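Breakdown of the fold
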Amino acid sequence: MSTLMQFLVYGLQLGSVYALLALGYTMVYGIVGMINFAHGDFLMIGALGTFFLAQAFSSFAVNGTYSGLIVALILFTAMVGTGLIGVGVEAIAYKPLRNRPKMSALITAVGVSMFLENFPRALPFIGPSPRSFPMLFPTKRFQIQGVMISTTQIIMIVLSLVFMFILYNVVNRTKIGSQMRALSMDKDAAQLMGININRVISITFFIGAALAAASGIFYASIYPQVDVYMGGWLGTKSFIAAVIGGIGDIRGAMLGGFIMGITEILATSVNSNLGYAIGFVILILILLFKPAGIMGKLTIDKV
Amino acid sequence: MKPLIRKLLPILGVVALYYLIMYLKSIKVMNPYHIQVLMFAGVNIMMTISLNIVNGFTGQFCIGHAGFMSLGAYGASIVTTMIFGGFSVAPNLRIPVFLLGLLAGGLVAGAVGLLIGIPTLKLKGDYLAIVTLAFGEIVRATLRLIEPIGAARGMIGIPPYTNFAWVLFFVVLTLIVARNFIYSKHGRACIAIRDNEIAADAMGINTTKYKIISFVFAAFIAGVAGGLYAHIMSFIQPDTFSFVKSSDLLVYLYAGGTGSLTGSVLGGLLLTVLPEALRTFGNLVNWRIVIYAVTLVIIMLYRPLGLCGGKELPFLKINRKHLYEKSIFSKKSVHPSETPN
């Protein structure tokens, strides 16, 4: 039982990474209607950026640990910076393709993803080699009824839940949130109602990329290694998580992320390759029985 | 006489191309590395044509095509290396064994294509894309689990049967078969589904059936291409056929132009050769994929239909007039463009 609980803790910590990343996929899909394959690379940019920020702030660190204020500052800067990069990517690469066939936006996203991975790789001071991530959060371990849990895990799970709570309320309770929902329902009608589409889409990309940066920082805090390719497969899995939950639905992305994280940890404890494939198997099963995902609603084609 | 020449001209062109490259090789303008790049380009062209049949002509989104390629590569290698013993095959039996292997690879890929096509092709658009992505990754994870074929380490000791002539032969064969498929009754049904699925359905086209036909056909070609690839490399590994490979193929297809066989040839050839050519500029080595990515984004932004979307070279088209002249219903039937309104 305690082993199962232990796996549940690991599943929750991985699941919160997936959930935060999946939120970006689902928001962009819901509002622009495109699959942003470059989204996983925002995670990498966030983690790598935090690595360099931590280096820049290393004079403030005492014995390799940072004070809470500095960590908050680093987190904030990394998230805002990545968010701005997300807005820039959208403005340069995706905006001109907004009214073109979906597939060309998808291929452009693949190109953007290749660029985001290989541009830092080609820069001499970053390069392809993996780096060990600094300890930003305190790592005190303690045991509750045979389950090992560290403060890092608690902080990241709680923080991601806080982020999700804030996002959920922003989307459902604020003006910009209702503009987002209007846009995802009917783009043309929303425009006719005086909603500034470009602004809403930019904000969506900002939020998505900032959340991806946060998930990158959390991921690198539990598996302390960063390199330029880390976003690729994490992105694919989070995307799968978003689809399992029902793409376009925010609650679905959170649910899908946690489902992915927990099942992956459980399956990995049996066999590591099974852990990789289980998410895809779940995806196919869910799509066969519920073609729009757990939370998604099927739309009917009209002629 | 004239139509005969027109028919023979492309074949003569291909033969001339082969001898030109062999000549360039003999006078040492091209080294074995160049030839190998061209062989990979050939395999990529076949993969792109295969993807084009699904994505470009039938309008379905398959983004896990590397899965079929890996099935074909493993299927063919199991036949040539594990059943017939690889290098110990008698020299005069090598070609039949090689062809048998390629056929097996194609059949395995086609059968799996049928198996996953029946439930998934009912899904639409993005969801189909996602399922095919998942399919590719499941194939990879499964191959990593099977111990007799080397699991994650991969399979070694595959005899390098594929040479430039074989690649050229199969590329030309694929082009001819694909062209004939596309302009057949079945191919036109697929194009109708691409243009408007609901209208095609209303016209009495069994949309699911034709989607599955084109999917299985494409999977078969991908399997053969995978078999060729395995016998160039003489080493295959599940991780070669990851999502990165699938997205490369998508890039070849969409940069070349969907719905155009000429575009597939051009996209597969140019985009295989470009990264290799950028390798030769010493100080650019690290930047080559960046340049490649930027090129791709620029193509998509300024030529959204790809380099030759919807356009074809003449010998990849079938003269439509010809079809109407042979009409069995009335001898006087005319081409629609000539009917008075």
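Residues numbered from 1 in each chain as written. Chains lettered and ligands numbered in written order. Predicted model: local features only at pLDDT ≥ 70, side-chain atom pairs only at ≥ 80, totals over all residues.

1. With respect to the overall build of chain A
Operational definition: Every helix listed is a DSSP run of H or I at least four residues long, and every strand listed is a run of E at least two residues long, numbered separately from the N terminus. Taken over C-alpha atoms, the radius of gyration is set against a globule rule of 2.2 Å times the number of residues to the power 0.38. Here the contact rule is simple: place C-beta atoms from the backbone, and any two residues whose C-beta atoms are within 7 Å are in contact.
From N to C terminus, chain A includes eleven helices and four strands. Its C-alpha atoms give chain A a radius of gyration of 19 Å, within 12% of the compact-globule value 19 Å for 303 residues. Each principal axis of the C-alpha distribution contributes one length, and for chain A these read about 60 × 45 × 35 Å. Partitioning the contacts of chain A with sequence separation of at least 6, the portion at a separation of at least 24 is 76%.

2. Looking at the overall build of chain B
Put simply, the test is: In this scheme every C-beta is placed from the backbone, and a residue whose C-beta has 20 or more other C-beta atoms within 10 Å is buried, one with 12 or fewer is exposed, and one in between is partly exposed.
A tally of regular secondary structure across chain B gives 13 helices and two strands. The buried share of chain B, taken over its 341 residues, is 45%. For chain B, contacts bridging at least 24 residues in sequence account for 81% of all contacts bridging at least 6.

3. Remarks on the pairing of strand β3 (residues 147-150) of chain A
All names here are of chain A. Condition: A pair of strands counts as paired when DSSP detects no fewer than two bridges linking them.
As paired elements, strand β2 (residues 141-144) and β3 share four bridges and run antiparallel to each other. Along β3, the bridge assignment pairs F142 with I149. The turn linking β2 back onto β3 is made up of two residues, and Q145 within it adopts a positive phi angle of 50°.

4. Observations concerning the interface of chain A and chain B
Threshold: Three residue categories are used. Nonpolar comprises Ala, Val, Leu, Ile, Met, Phe, Trp, Tyr, Cys and Pro, charged comprises Asp, Glu, Lys and Arg, and polar comprises the others, including Gly.
The interface of chain A with chain B comprises 33 residues on the first partner and 32 residues on the second. When contributions to the side of chain A that touches chain B are tallied by element, the ones reaching two or more residues are α4 (102-122), α9 (230-245) and α11 (272-289) of chain A. The dominant element in the side of chain A that touches chain B, judged by the number of residues it contributes, is α4 of chain A, at 13 residues. For the side of chain A that touches chain B, the per-class residue count stands at 24 nonpolar, six polar and three charged.

5. Looking at the packing of helix α2 (residues 39-56) of chain A against helix α3 (residues 68-94) of chain A
Residue and element names in this part refer to chain A. Quick note on the threshold: Angles here are taken between N-to-C directions and fall from 0 to 180 degrees, while the axes themselves are lines fitted to C-alpha atoms, restricted in helices to the stretch in contact. Any angle from 65 to 115 degrees is called roughly perpendicular, while one under 35 is roughly parallel, one over 145 is roughly antiparallel, and all others are oblique. In this scheme the handedness of a crossing depends on how the near helix is turned from the far one: anticlockwise by less than a right angle means left-handed, clockwise means right-handed.
At a closest axis distance of 9 Å, the pairing of α2 and α3 adopts a crossing angle of 140°. The angle between α2 and α3 falls in the class oblique. Crossing handedness for the pair α2 and α3: right-handed. For the pair α2 and α3, the contacting residues are F42, I45, G46, G49, T50, L53 and A54 in the first and I74, T77, A78, M79, G81, T82, I85 and G86 in the second.

6. What about the nonpolar core?
In plain terms, the rule: Here, a nonpolar core denotes buried Ala, Val, Leu, Ile, Met, Phe, Trp, Tyr and Cys residues that are linked to one another through C-beta atoms within 7 Å.
Among the nonpolar cores identified, the biggest contains 192 residues, and A47 and A213 of chain A together with A225 of chain B are the most heavily contacted of them. Those residues in contact with A213 of chain A, other than ones at most four positions away along the chain, are F42, I45, G46, A78, M79 and T82 of chain A.

7. Considering helix α8 (residues 197-222) of chain A
Because each turn of an α-helix spans 3.6 residues, side chains separated by three or four positions end up pointing in the same direction. The following threshold applies: By definition here, a helix of n residues has an expected span of 1.5 Å times n minus one.
With 26 residues, α8 of chain A ought to run about 38 Å at 1.5 Å a step, and its terminal C-alpha atoms sit 38 Å apart, in line with that. Counting buried residues along α8 of chain A, 20 of its 26 residues qualify, which places the element largely inside the surrounding structure.

8. Some thoughts on helix α6 (residues 175-185) of chain A
Residue and element names in this part refer to chain A. The cut-off we apply is this: Directions pointing from the helix axis toward each C-beta atom define the arc.
Taken together, the buried positions of α6 are Q179, M180, L183 and S184. Looking down the long axis of α6, one finds its buried residues gathered within 135° of arc, a one-sided arrangement. Exposed residues lying more than 90 degrees from the buried face of α6 are K175 and M185. Structurally, α6 contributes buried residues whose contacts are with α1 (2-32), α5 (151-173), α7 (187-192) and α8.

9. A closer look at the confidence of the model for chain B
Residues and elements named next belong to chain B. Rules: What pLDDT reports is the predictor's confidence in each residue, on a scale of 0 through 100.
Across chain B, the average pLDDT comes to 84, with 89% of residues at 70 or higher. Per-element mean pLDDT across chain B ranges from 52 in helix α13 (residues 320-325) up to 93 in helix α9 (residues 207-233). If you check the scores for this complex, the pTM reads 0.83 and the ipTM reads 0.79.

10. Quick word on unusual backbone geometry
Residues and elements named next belong to chain B. At K28, a position not held by glycine, the phi torsion is positive, near 65°. You will see that S234, though not glycine, has its phi angle at about 55°, which is positive. You can see S234 is positioned in the loop between α9 and β2 (235-236). The class for S234 is partly exposed, based on 18 C-beta atoms found within 10 Å.

11. Examining the packing of α9 of chain A against α11 of chain A
All names here are of chain A. Where α9 contacts α11, the axes come no closer than 10 Å and their chain directions differ by 25°. Considering the angle they form, α9 stands roughly parallel to α11. In terms of crossing hand, the pair formed by α9 and α11 is left-handed. Facing K237, I240, V243 and I244 of α9, the residues of α11 in contact are G279, F280, I282, L283 and I286.

12. A look at the environment of F135 of chain B
All names here are of chain B. Structurally, F135 can be placed in helix α5 (residues 125-145). Along the sequence, F135 and H65 sit 70 residues apart, while their C-alpha atoms lie 8.9 Å from each other. Leave out the neighbours within four places in its chain, and F135 touches G64, G67 and I116.

13. So, the environment of S104 of chain A
Tracing the chain through its elements places S104 of chain A in helix α4. A count of 20 C-beta atoms within 10 Å places S104 of chain A in the buried class. Sequence separation of S104 of chain A and Y94 of chain A is ten residues, and the distance between their C-alpha atoms is 9.6 Å. Those residues in contact with S104 of chain A that lie beyond four places of it in its chain are L97 of chain A together with Y254, M300 and P304 of chain B.

14. Considerations on the environment of F243 of chain B
Residues and elements named next belong to chain B. Along the chain, the position of F243 falls in helix α10 (residues 243-256). Assessed through the 20 C-beta atoms surrounding it within 10 Å, F243 is described here as buried. In this structure the C-alpha to C-alpha distance between F243 and A66, which are 177 residues apart in sequence, comes to 7.1 Å.

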